[in-house]
Amino acid sequence: MSSILRKDYVVVRDDYAGAGRVSSDVKATLSSIGIPSPILRRIAVACYESEINMLIHAYGGDITLEIGDDNVIHMTFSDPGPGIPDIEKAMTPGWSTASDKAREMGFGAGMGLPNIKRVSDEFDITSSPEGTTIQLSFRVT
Amino acid sequence: MMRKSVVRYTLESCAKCMTCIRACPTSALSMYNGRIRVDQERCINCGKCISSCTHKGLLANGSSLEALKDYDYTVCMVPGALINDCTDLDQAGELFHAIKMLGFDEVVDITDVEGAILKEMYLITDNTDEAASIASFCPVVNALVRDTYPVLQNNITPVKYPSEVAAARIRKQHEGKNVGIFNLCECESKLALAKHPFDNPEYETDHALAIVDIFPAVRRNMSGEREDVCFCPDGLRFSNPAMMLQKDEYLIADGFDKISSVLNMAEFGLLNKFRLLQLFPCFNGCIGGHLLFGNSFLTRNNLHQLTSEKSKPAADLSFEEMYSEDVFARDEDSRSFMERVEWFKTVNAQLELLPGYDCSACGMQTCRLMAEEIAEGRKTLRDCRVLAAMEDRRTDEDN
């Protein structure tokens, strides 16, 4: 796969006021290209969930949107830590380590990662104390 | 898709200040050769351009009363939003009489139909597992969802507009006669609905009148004489967010920016705990419509006075009368996915060359839209005022 369109974004650490800005831009970009709405819906959900995860669980991070020449949309979310100690637990619906501050703002219901996996066509996660990387892909046709 | 803007550009008083171009939420306005152009496909008739213009350069294009003579029998439909402007039944009766004096054979309120549609909307959403249905009473919301928030287009409740249902009933009542049905409108989008039936060629309303246009004549007809009127309370509630049924599972929002952010959140799936989203682009709902004149904070207190003495129930509507199957279909893009991506890249390449100030001086709302124009070959980089000024300066320095 080679990428025919790429956009890079930064999620600033603790910037709760800006929560969802990257996802809004991803959604607007893909909408203007004319991605069919059922796929757009899944990407919007996964992207928002992942962006919020970076904010409430990690120290911010980088998001990349890529459209491949294979008609697949790839999204990469990588953060600089602190990492997920037990990925298996984190993938369990309802399990959450979100801070009180995050919960007060309505986040941290423990459905994040399972949800992201459910709506993506491909889902890959790697994590260490140096950071977590999630790679998602969505087939357009 | 038959969709048309009712925004009319009047050249004489236009100051070419670009305020309307910047005010448009769907980037439908641009300036070409000193004239404002309204993109008929993009305009959702929200009226933001008209209310932003301080030079009266733009107008909403309503019908005139001249059209009355084309019919043997004429009916004027009055929406709840206008009735809410009256302080009590006496004043409403006087208003109805004054409207009739303009030359109508009959003036009818459509609050019973509005009430029935509103109740049906609650019924639909209370009896489904679907989350975040979007109430379909506002043409602006429906067009906005379809064009800008396509993820939600199937969430729109499939009921028809009350004015359409009411007009069909009136037409049936007078079958065989040459009946002219006029809808009195509180906002640009309702005007558009009756004048240019978007998505629905069989629209029953013949003409749309802007309330502000006919009000001077109505005012002169106010003589103390009254029609006997009574209204449906549910219909009057239809036009204002504060008067609607408040429930934890109903989200009610008004104002264009607010409803845009609600729709954005709904696309992320964040509002699935709500059953129904009731969205009003106009601040304070339909009684805050641009073509009304009352203060929307004062008018909403009139509901009690208008319905305490006597009232009428919601209309008994059949399933066929209320439901519409394909009102909100979106046009399919004929280009392949790869072609669309390539086009996006071509536009992006032009965008890189533009200053990115989104100043609208070139006549386009944003640099991205300008980049599209350049990619289409309709404009050149030299049409960018900022780039042109920078180039001129460089030439001056060289000399």
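Nothing here was measured: the structure is a model prediction, and the numbers come from that model.

Interface size is often expressed as the accessible area that is lost when the parts come together. Taken domain by domain, chain B consists of domain 1 (1-61), domain 2 (65-322) and domain 3 (337-399). Computed over C-alpha atoms only, the centres of domain 1 of chain B and domain 2 of chain B are separated by 24 Å.

Residues and elements named next belong to chain B. Side chains Val107 and Asp109 project from strand β6 (residues 106-109) onto a buried face, and the interleaved Glu106 and Val108 project onto a face without burial. In this sheet, β6 lies alongside strand β5 (residues 73-78) in parallel orientation, the contact comprising four bridges. Across the sheet, methionine 77 pairs through a bridge with valine 108, a residue of β6.

A separate point is the sheet that holds β6(B). All names here are of chain B. An order of β6-β5-β8-β9 is seen for the four strands of this open sheet, with the pairing classed as parallel. One side of each edge strand has no neighbouring strand; the edge strands of this open sheet are β6 and β9 (207-210). Taken over all neighbouring pairs, the strand axes of this sheet differ in orientation by 25° on average, direction set aside. The sheet strands contacting helix α7 (residues 162-173) are β5, β6 and β8 (179-185), and the helix crosses β8 at an angle near 155°.

Our focus in this paragraph is the interface of chain A and chain B. Facing the 20 residues of chain A at the interface are 13 residues of chain B. Elements represented by at least two residues in the side of chain A that touches chain B include exactly β1 (3-11), α1 (21-33) and α2 (37-56) of chain A. Looking at the side of chain A that touches chain B residue by residue, the class counts come to nine nonpolar, nine polar and two charged.

Parameters and conventions
Residues numbered from 1 in each chain as written. Chains lettered and ligands numbered in written order. Predicted model: local features only at pLDDT ≥ 70, side-chain atom pairs only at ≥ 80, totals over all residues. Domains from an automatic or database assignment. Buried ≥ 20, exposed ≤ 12 C-beta atoms within 10 Å, placed from the backbone. Helix = DSSP H or I, 4+ residues; strand = E, 2+ residues; numbered from the N terminus. Pairing = 2+ DSSP bridges. Axes fitted to C-alpha atoms, helices over the stretch in contact; angles between N-to-C directions. Contact = placed C-beta atoms within 7 Å. Nonpolar A, V, L, I, M, F, W, Y, C, P; charged D, E, K, R; others polar.

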